[in-house]
Amino acid sequence: MATETGPDLHDLLKSLRVWAPEATELRPFDPTTAPDTPLSLFTTWFAEAVAAGEIEPHVMSLATRDDEGLPDVRMVMLHGADTEGWSFATHATSRKGHQLKHFAYAALSFYWPRLGRQIRLRGPVLPAPPAESQADLHVRSTGALAAALTGHQSEVLPSLDQLTQASEAAWERAQREPGLPVPTWTLYRVLPDEAEFFQGDALRRHVRLSYVREERGWARQLLWP
């Protein structure tokens, strides 16, 4: 039933399914065979998500908190994952950059519906050295450099025309000077204290495996779904 402003939200919600068999393969997950570190399992699951045709599997939610302790979340792109942490990049002058400066702790979440899987991580955040941040930027596309050069992320935008003008100038400069530094561009790494791997199950017997960092390595435990 449509409303005066458009389709009825509740009817749309009732029409949707989660993990429809024609679109999702819920694979068995035996946590007793899981590797000793979350990085190893993440790498395996990420590769399986890519092989399954997951749309943008490298996109993740990033949650931070502001000066008043209120949560903030947005989607960002994963730039890498290794023993130093899960990395993403942004301007140090952006909203999330300011938030991480004052409270250097964050949470990440990946969701891959084709496999009914999600991964959650949280831990302290450290900025990479400037040279490494600039190297990260310059291995990316011209569009990424142009966006970084446009700047003013999270600031109030007076008009779309102003954005168009600034973006056009940034694109021209990025094409002319592909190695141009952007001092505020920063690569950040989340080094998780905790990591959780969730595998959905058709009978709702979802498997949740939690890794918790300890002095001598990682402790593993199961969680009720």
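Above this text sits the structure in question.
Residues numbered from 1 in each chain as written. Predicted model: local features only at pLDDT ≥ 70, side-chain atom pairs only at ≥ 80, totals over all residues. Heavy atoms only, no water.

A.B. asks: When you look at the overall build of the protein chain in this model, what are you seeing that I'm missing?
C.D. replies: Along its length, the protein chain carries six helices and ten strands. Dimensions of the protein chain along its principal axes, counting C-alpha atoms only, are 60 × 55 × 40 Å. A total of 225 residues make up the protein chain; the buried ones form 34% of that total. Restricting the contact set of the protein chain to residue pairs at least 6 apart, pairs at least 24 apart contribute 64%. Entry remark: accessible area of the protein chain is about 13,900 Å², with carbon and sulfur atoms responsible for 56%. For the protein chain, the centre of its 22 positive side-chain charges and the centre of its 29 negative side-chain charges are spaced 4 Å apart. (Helix = DSSP H or I, 4+ residues; strand = E, 2+ residues; numbered from the N terminus. Buried < 20%, exposed > 50% of the residue type's maximum accessible area, 1.4 Å probe, protein only. Contact = heavy atoms within 4.5 Å. Areas by Shrake-Rupley, 256 points an atom, 1.4 Å probe, with all protein chains shown as cover. Lys, Arg positive; Asp, Glu negative; His and termini not counted. Charge placed at Lys NZ, Arg CZ, Asp CG, Glu CD.)

A.B. asks: Honestly, the pattern of salt bridges in this entry has me stumped. Any pointers?
C.D. replies: Between side chains of opposite charge, a pair can form when the charged atoms approach closely. According to the stated counting rule, one finds 14 salt bridges in the structure shown. With its nearest N and O atoms 2.6 Å apart, the salt bridge here joins Glu48 to Arg117. Within this pair, whereas Glu48 is found in helix H2 (residues 38–51), its partner Arg117 is found in strand S6 (residues 117–127), the two being separated by 69 residues in sequence. In this structure, the salt-bridge partner of Glu196 is Arg208, at a minimum N-O distance of 2.7 Å. With Glu196 in strand S8 (residues 194–199) and Arg208 in strand S9 (residues 207–214), this pair connects stretches of sequence that are twelve residues apart. In the salt-bridge network here, residues are joined through shared partners; they are Glu25, Arg27, Glu48 and Arg117. (Salt bridge = Lys/Arg side-chain N within 4 Å of Asp/Glu carboxyl O.)

A.B. asks: In this structure, what is going on with the packing of aromatic side chains? I would like to understand it.
C.D. replies: The geometry of two aromatic rings is summed up by the distance between their centres and the angle between their planes. Within the structure shown, the criterion is met by 13 aromatic pairs. Between Phe110 and Trp112, the aromatic rings sit 5.8 Å apart at their centres with planes inclined by 50 degrees, giving tilted as the arrangement. Grouped by ring-pair contacts, the aromatic residues Phe29, Trp45, Phe197, Tyr211 and Trp218 constitute a single cluster. Sitting above the plane of the Trp45 ring, Arg117 keeps its charged end 4.1 Å from the centroid. (Phe/Tyr/Trp six-rings, centres within 6.5 Å; stacked < 30°, edge-to-face > 60°. Lys NZ or Arg CZ within 6 Å of the ring centre and 35° of its normal.)

A.B. asks: For this particular structure, what's the right way to read helix H5 (residues 142–150)?
C.D. replies: Given 3.6 residues per turn, any residue in an α-helix points the same way as the ones three and four places further on. Listed in full, the buried residues belonging to H5 are Leu145, Ala146, Ala148 and Thr150. On the buried face of H5, the contacting elements are strand S4 (85–91), helix H4 (130–138), helix H6 (160–176) and strand S7 (185–190). Count one or two residues on from H5 and you reach Gly151, which has phi positive near 65 degrees.

A.B. asks: What is the right way to look at the nonpolar core in this model?
C.D. replies: In a soluble, globular protein the nonpolar side chains are often hidden away together inside. In this structure, Leu41, Phe42, Trp86, Phe88, Phe110, Ile119 and Phe197 are the most contacted members of the largest nonpolar core, which totals 28 residues. Secondary structure elements with two or more residues in this core: H2, strand S1 (59–65), S4, strand S5 (105–112), S6, S7, S8 and S9. Among the elements that line this core, the one with the most residues is H2, at five residues. If near-sequence neighbours (up to four positions away) are discounted, Leu41 is found in contact with Phe29, Ala34, Pro35, Phe197, Leu209 and Tyr211. (Core = buried A, V, L, I, M, F, W, Y, C linked by side-chain atoms within 4.5 Å.)

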